[in-house]
Amino acid sequence: MNANQILLNSRPEGLPTADNFKQTSVELPTITSGEFLVKNLWMSVDPYMRGRMIDRESYIAPFQIGQVLEGGSIGEVIESNNPEFPIGSRVSAMHGWRSHYVTDGSDHTRLPNTPMSESHFLGVLGMPGMTAWTGLTRIAALKEGDTLFVSGAAGAVGSVVCQLGKLMGAKVVASVGSDEKAAHLRDLGVDAVINYKTTKDLSAALKQAAPQGIDVYFENVGGEHLTAALNNMNDHGRIAVCGMISQYNDTAPTPGPNNLGMIIIKKLKIEGFIVFEHWDHYPEFAKQMGQWLATGAVKAEQTIYQGLEQAPAAFIGLFEGKNRGKMLVKLD
Ligand SMILES: NC(=O)c1ccc[n+]([C@@H]2O[C@H](COP(=O)([O-])OP(=O)(O)OC[C@H]3O[C@@H](n4cnc5c(N)ncnc54)[C@H](OP(=O)(O)O)[C@@H]3O)[C@@H](O)[C@H]2O)c1
């Protein structure tokens, strides 16, 4: 049988364009002993994939031109010669950007039977949710009564950070790129929301939203957001540096914040993290998050593009603010 797949066609300069991607068809081998055939149902697009499109050393290998792209996926086993993955099993893997594939299952996880959509294992119950939980609990050690500032707050990670912040007893201040996203976060219980696109002075807006100062900053955006946060941090504040999406498409080095001296003056602790280094804590997270989802204490948001051919548009949309919650592609 043939599989459709999307390759990296060329390395983006600045914001990726459709030309950087190429859809092809490939004939799949017949499954042999121990192997199975997966039909993908869902795939994830994530901001970190932009870093993998650059040919440089990082915590994860770069994509190569002509190589099928990779990313989180959920699929269904439709033919099997592997008793651990019988026909009908739902599996998660890093085999997105393709309709079908053959595997021996070595890097696959069988998903539990659950009444909720399996797509949540790519979002709130998967890597982004785990990132939110890790940053708040293991990196920033958020406490009841803290004031938490979250940038990129309506996205896959940010929307979970906001909700967990409220559950953990913090005052939550958020920054997003549209009034519609701001209204939605207020509905979720966020105390104050800034639309950074219509705000002239982010530091002043943050001071107004959090006159008592910021104890924890969950950094998703970088640049001006980091400058504004540093200006408004309280003494001994903590910054969990998760991402800096405002810089991922930069074609030249971005000037740093001009107020790094605040780190000394305010005795700040700033720590970057990569969620995969904390994956041994996934069972603890999944148990807690499963309960929060079941009781409705956390609401899972998704923005869904339909069809493999829409995957490049969904990916590019991350840098244009097109998603609320987790950006996903549902395969036909
Ligand atoms: N350290 C880790 O292990 C780890 C794991 C997962 C994710 N991350 C990082 O966490 C951050 C959020 O990831 P995610 O998966 O949750 O993505 P996401 O927030 O669901 O999607 C990206 C969002 O970022 C905002 N954005 C895009 N360009 C921006 C810019 N120039 N300035 C300000 N905001 C911008 C947009 O929202 P607006 O409409 O609000 O602009 C967009 O919807 C990213 O930086 C990502 O790299 C890190």
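This text gives an overview of the structure that appears in the document. (Residues numbered from 1 in each chain as written. Predicted model: local features only at pLDDT ≥ 70, side-chain atom pairs only at ≥ 80, totals over all residues. Heavy atoms only, no water.)

**Notes on unusual backbone geometry**
In terms of backbone geometry, most residues other than glycine have negative phi values and most peptide bonds are trans. One non-glycine residue, Ala 141, lies in the positive phi region at around 50 degrees. When you line up the elements, Ala 141 lands in the loop between helix H2 (127-139) and strand S8 (147-150). Positive phi, normally seen in glycine, also occurs at His 236, with a value near 60 degrees. If you trace the backbone, His 236 turns up in strand S12 (residues 233-241). (Helix = DSSP H or I, 4+ residues; strand = E, 2+ residues; numbered from the N terminus.)

**Here we look at the packing of H2 against helix H3 (residues 156-167)**
In the contact formed by H2 and H3, the axes pass within 8 Å of each other and the chain directions differ by 45 degrees. Classed by the angle they form, the pair H2 and H3 counts as oblique. Considering only the axes of H2 and H3, their crossing is right-handed. Contacts from Pro 128, Gly 129, Thr 131, Ala 132, Trp 133 and Leu 136 in H2 reach Ala 156, Val 157, Val 160, Val 161, Leu 164 and Gly 165 in H3. Looking at the contact of H2 with H3 residue by residue, the classes come out as 9 nonpolar, 3 polar and no charged. (Axes fitted to C-alpha atoms, helices over the stretch in contact; angles between N-to-C directions. Parallel < 35°, antiparallel > 145°, perpendicular 65-115°, else oblique. Left-handed = near helix turned anticlockwise from the far one by under 90°. Contact = heavy atoms within 4.5 Å. Nonpolar A, V, L, I, M, F, W, Y, C, P; charged D, E, K, R; others polar.)

**Some remarks on the pairing of strand S9 (residues 171-176)**
Counted residue by residue, S9 has 5 buried out of 6 residues, so it is predominantly covered. Two strands pair when backbone bridges link them, and S8 and S9 are joined in this way by 4 bridges, in the parallel orientation. Counterpart to Phe 149 in the pairing with S9 is Val 173. As for the winding sense of the linkage, the β-α-β connection from S8 through H3 to S9 is right-handed. Relative to strand S10 (residues 192-195), S9 is paired through 4 bridges, and the arrangement is parallel. Paired with Ser 175 across the bridge in S10 is Ile 194. (Buried < 20%, exposed > 50% of the residue type's maximum accessible area, 1.4 Å probe, protein only. Pairing = 2+ DSSP bridges. Right-handed = clockwise from strand over helix to strand, strands pointing away.)

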